[in-house]
Amino acid sequence: MRKSILVYALFSSMAAFAGEKMSVSVCNPGRLPASVVATAEEQAAVVFRAIDVEVEWQECGEGAAAAQAAHQRRFEIRLRNDAPPKMAGPTSLDAMGRAYVPEEGTGFMADAYYRSVQLVAGANNSDASALLGCVISHELGHLLLGPGHVPNGIMRAAWKPQDVDAARKRSLRFNAAQGARIRAALKAAVSSM
């Protein structure tokens, strides 16, 4: 009886998630503490789960073969601890992250600049690890949606203090249209593989 309940629970939880999946390799050349990386991954997973996308986190260099075998789109996030290439403002994502996306398309690699994330979090009395997770989500958003920003939410160009606070409260999100476009992009990637 107990075994059948466990088997039922396992299959029920697998069936409960019917959304899209994506594989993200996290490279840590900035040598951020493991606890910071784990919290950031958890935060980003919450952001994507809200739009019915499951993130499968991999260590740097791992997961390429598994993602290909599972017909998933693969991304790479580099966690850096050096100065960003350009400072555009106190809460600008140009300062906290950068996605490598051609003007006409989507990409697979992005950087998150932890030193800048710490500065913005400190200036707003917020948690740098949670904010890093939102920066990762924003940059992954660019890799799936392409370049460009919107006036509010996680894909805004420069976050206001209330956005940083929303990141701390785990309520900074993609909007419904962005969620639909992200799921469609992931689904199209599976279909083309």
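Further up the page is the structure itself.
Novice: Teacher, can you tell me more about the pattern of salt bridges here?
Specialist: Oppositely charged side chains are able to pair whenever their charged atoms sit close together. Under the definition given, this model contains 9 salt bridges. One salt bridge in this structure joins Glu 76 and Arg 74, with 3.7 Å as the shortest N-O distance. The salt bridge partner of Arg 156 is Asp 163, with a shortest N-O separation of 3.2 Å. A single burial state applies to Arg 156 and to Asp 163, both of which are buried. One connected set of salt bridges, linked through shared partners, spans Arg 78, Arg 80, Asp 82 and Asp 111.

Novice: Even after reading the chapter, I still don't get unusual backbone geometry, so can you show me in this structure?
Specialist: Outside of glycine, negative phi angles account for most residues, and trans bonds account for most peptide bonds. Here the phi dihedral of Asn 125 falls at roughly 50°; this positive angle occurs in a residue that is not glycine. Exposure remark for Asn 125: the relative accessible area of 69% places this residue in the exposed category.

Novice: Looking at this structure, I do not really get the state of the cysteines. What am I missing?
Specialist: Structurally, a disulfide amounts to a covalent bond that connects the sulfur atoms of two cysteines. Overall, the coordinates contain 1 disulfide when judged by the stated rule. Linked covalently through their sulfurs, Cys 27 and Cys 60 form a disulfide whose S-S length is 2.0 Å. One disulfide, between Cys 27 and Cys 60, carries an S-S torsion of 75° and so falls in the right-handed class. Of the two residues, Cys 27 is situated in strand 1 (residues 20–27) and Cys 60 in the loop between strand 2 (53–59) and helix 3 (64–69); the sequence distance between them amounts to 33 residues.

Novice: Mind showing me how you'd approach the packing of helix 5 (residues 114–123) against helix 6 (residues 128–145) here?
Specialist: Any two packed helices are characterised by how steeply their axes cross, that is the angle between the axes, and by the distance between the axes. Running from amino to carboxyl end, helix 5 crosses helix 6 at an angle of 120°, the nearest separation of the two axes being 9 Å. Considering the angle they form, helix 5 stands oblique to helix 6. By crossing handedness, the relation of helix 5 to helix 6 is classed as right-handed. Of the residues in helix 6, those touching helix 5 at Tyr 114, Val 117, Gln 118, Val 120 and Ala 121 are Ala 128, Leu 131, Leu 132 and Val 135. Looking at the contact of helix 5 with helix 6 residue by residue, the class counts come to 8 nonpolar, 1 polar and no charged.

Calculation notes
Residues numbered from 1 in each chain as written. Predicted model: local features only at pLDDT ≥ 70, side-chain atom pairs only at ≥ 80, totals over all residues. Heavy atoms only, no water. Salt bridge = Lys/Arg side-chain N within 4 Å of Asp/Glu carboxyl O. Buried < 20%, exposed > 50% of the residue type's maximum accessible area, 1.4 Å probe, protein only. Disulfide = S-S within 2.5 Å. Helix = DSSP H or I, 4+ residues; strand = E, 2+ residues; numbered from the N terminus. Axes fitted to C-alpha atoms, helices over the stretch in contact; angles between N-to-C directions. Parallel < 35°, antiparallel > 145°, perpendicular 65-115°, else oblique. Left-handed = near helix turned anticlockwise from the far one by under 90°. Contact = heavy atoms within 4.5 Å. Nonpolar A, V, L, I, M, F, W, Y, C, P; charged D, E, K, R; others polar.

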